[in-house]
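Here is how the chains run, residue by residue.
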Amino acid sequence: MNEIIESLYNRKSVRVYEEKAIPNEMKNVILEAAMQAPTAGCQQLYTILDITDQNLKEALAESCDHQPFIAKAPMVLVFCADCKKWYDAYLEAGCKPRKPGVEDLMLAVTDTAIAAQNAVVAAESFGIGSCYIGDIMENCEEQRKLLQLPEYVFPAVMIVFGWPTKQQMERKKPERCEQKHIVHENTYRNMDGDELREMFAYKCKNSTYEEWCSAFCNRKYNSDFSKEMSKSVTEYLGQFRRDAI
């Protein structure tokens, strides 16, 4: 197993950091690595917000589901799917572009997520831990205000970085599903109840499938934060839908 593959296997989310800064040289390499990611038509349909203001970090820690470790992270990046900059560039050139639509947003989100993962892999190569913060998609009005997000810009990914503590380095990485359940050959294959139970058996070793699945559904899928995320993402999408009509 080569070093890159090994780092992908070993990488896990890190939420507790040493009180140690990330050198600017490393930070710049991480940002440059993000920008080397594959991108649709070489458009780089994203803008990266480097959050250096401590007050803003603390505000994001609150608006992103009250997670104090965000404010303690030495590096915080928000990766925005950006359909605005190209629209503005077309207008600047005297073009008559259509308004950005949902399809443009989806393409931009893909670009954004790939760039974000490049940053995570680059950080991991330095021994810097990271954690994705999906809650950046929640509380859209608050996030728009905090980050001064204009129309056609969507905060798709937020990542916090820092040097992991000894406990975090030694913590066991959560298991993953077996490949046979995740990789389908050629076409999508619906899984029956038996296979679903087999796929998630490792998650419910100390309870029944029904007990584990019900608890997980209530804690994640049907949770208040999930409902808030759904509401906020719908609001973001609304801009693209309205203008595309």
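Residues numbered from 1 in each chain as written. Predicted model: local features only at pLDDT ≥ 70, side-chain atom pairs only at ≥ 80, totals over all residues. Heavy atoms only, no water.

Trainee: What's the story with the packing of helix 3 (residues 54–63) against helix 7 (residues 140–147) in this structure? I'm lost.
Mentor: To describe two helices that pack against each other, one gives the angle between their axes and the distance between the axes. Their axes nearest at 11 Å, the elements helix 3 and helix 7 cross at an angle of 170 degrees. Put simply, helix 3 runs roughly antiparallel to helix 7. Contact with helix 3, carried on its side by Leu56, Ala59, Leu60 and Ser63, involves Glu142, Gln143, Leu146 and Leu147 of helix 7 and no other residues of that element. Looking at side-chain class alone, the contact of helix 3 with helix 7 contains five nonpolar, two polar and one charged residues. (Axes fitted to C-alpha atoms, helices over the stretch in contact; angles between N-to-C directions. Helix = DSSP H or I, 4+ residues; strand = E, 2+ residues; numbered from the N terminus. Parallel < 35°, antiparallel > 145°, perpendicular 65-115°, else oblique. Contact = heavy atoms within 4.5 Å. Nonpolar A, V, L, I, M, F, W, Y, C, P; charged D, E, K, R; others polar.)

Trainee: Would you mind going over the sheet that holds strand 3 (residues 129–132) with me for this structure?
Mentor: Whether parallel or antiparallel, the strands of a sheet pair through hydrogen bonds between backbone atoms. Spatial ordering of the open sheet is given by 1-2-4-3, a layout of four strands whose pairing is antiparallel. Single-partner strands in this sheet number two, and they are strand 1 (46–51) and strand 3. Strand-to-strand, the axes of this sheet are offset by a mean angle of 25 degrees, without reference to chain direction. Where strand 3 lies against strand 4 (residues 153–162), four bridges are found, and the strand directions are antiparallel. The residue bridging Cys131 from the neighbouring strand is Val160, located in strand 4. (Pairing = 2+ DSSP bridges.)

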